[in-house]
Amino acid sequence: MRSGVKQMACPLCGRAGLLNCHGLVYGNGAAGDSRVLRGGRFLCSPRRKGDSGCGHSFTLWLAGCLPRHSVGTKGLWRFLRHYHSGLSVSAAWEKARTGFSIESAYRWVRRMYEIQSRLRARLCRVRAPPPGTDAKNPLSEVLEHWFNALGEDDPIRSFHLRFQTDLL
Ligand SMILES: [Zn+2]
């Protein structure tokens, strides 16, 4: 990610070609996997001949990571799929085997409810929502819409790539 970012425009001032990577960001992975690359810190270089940047630094996250959350997009989606199929939070958590605690699973669900209207609005820009489903739980419609719109492989990662914003 160091090289790909070189020509990118700074998200703060919009000038391109001035970003320097000054450190990678690691976070906790699932149990037994203590250091996972999650993104990098970048500086929009203020000292450069000719053009100069705004001097702000910021973090870019890898699309398979969720900023402020240790779980990866694949693990979270595996859990959400089970939850979508009508299981309780604890049953879905057990099946998904994400390596994270049950408390994490409750936190993910709470967060999904908080963001669902924002999420729905984004998905509508990709594809119209599916016709009324026999919703097994209130999040079901959004999840169905989600993998209809962005595919079933790793739709959270697809969401990050498509909208260039983090989900949670
Ligand atoms: Zn800048």
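Above: the structure in question.
Asks: Can you walk me through the overall build of the protein in this structure?
Replies: Within the protein one finds six helices and three strands. Listing every helix and strand of the protein by position from the N terminus yields α-β-β-β-α-α-α-α-α. Split into buried and exposed, the 168 residues of the protein put 36% on the buried side. For the protein, the proportion of contacts with a sequence separation of at least 24, taken over those separated by at least 6, is 47%. Taken as a whole, the protein presents about 9,200 Å² of accessible surface, with 48% of it coming from carbon and sulfur.

Asks: Can you help me understand the environment of Gly55 in this one?
Replies: Within the secondary structure layout, Gly55 lies in the loop between strand E2 (36–44) and strand E3 (57–61). For Gly55 and Cys44, which are 11 residues apart along the polypeptide, the C-alpha to C-alpha distance reads 5.0 Å. Once you skip the residues sitting within four places of it in the chain, Gly55 turns out to touch Leu43, Cys44 and Pro46.

Asks: What's the story with helix H3 (residues 89–96) in this structure? I'm lost.
Replies: Structurally, the α-helix is built with 3.6 residues per turn, so residues lying three or four positions apart point the same way. For H3, the full list of buried residues reads Val89, Ala92 and Ala96. In a view along the axis of H3, the buried residues occupy a sector of 70 degrees, so they form one face of it. Set apart from the buried face of H3 by more than 90 degrees, the exposed residues are Glu94 and Lys95. Of the surrounding secondary structure, the elements contacted by the buried residues of H3 are helix H2 (73–84) and helix H4 (102–126). Where H3 ends, the next residue or the one after it, Arg97, has phi of about 45 degrees, a positive value.

Cut-offs and rules
Residues numbered from 1 in each chain as written. Predicted model: local features only at pLDDT ≥ 70, side-chain atom pairs only at ≥ 80, totals over all residues. Heavy atoms only, no water. Helix = DSSP H or I, 4+ residues; strand = E, 2+ residues; numbered from the N terminus. Buried < 20%, exposed > 50% of the residue type's maximum accessible area, 1.4 Å probe, protein only. Contact = heavy atoms within 4.5 Å. Areas by Shrake-Rupley, 256 points an atom, 1.4 Å probe, with all protein chains shown as cover. Arc of directions from axis to C-beta.

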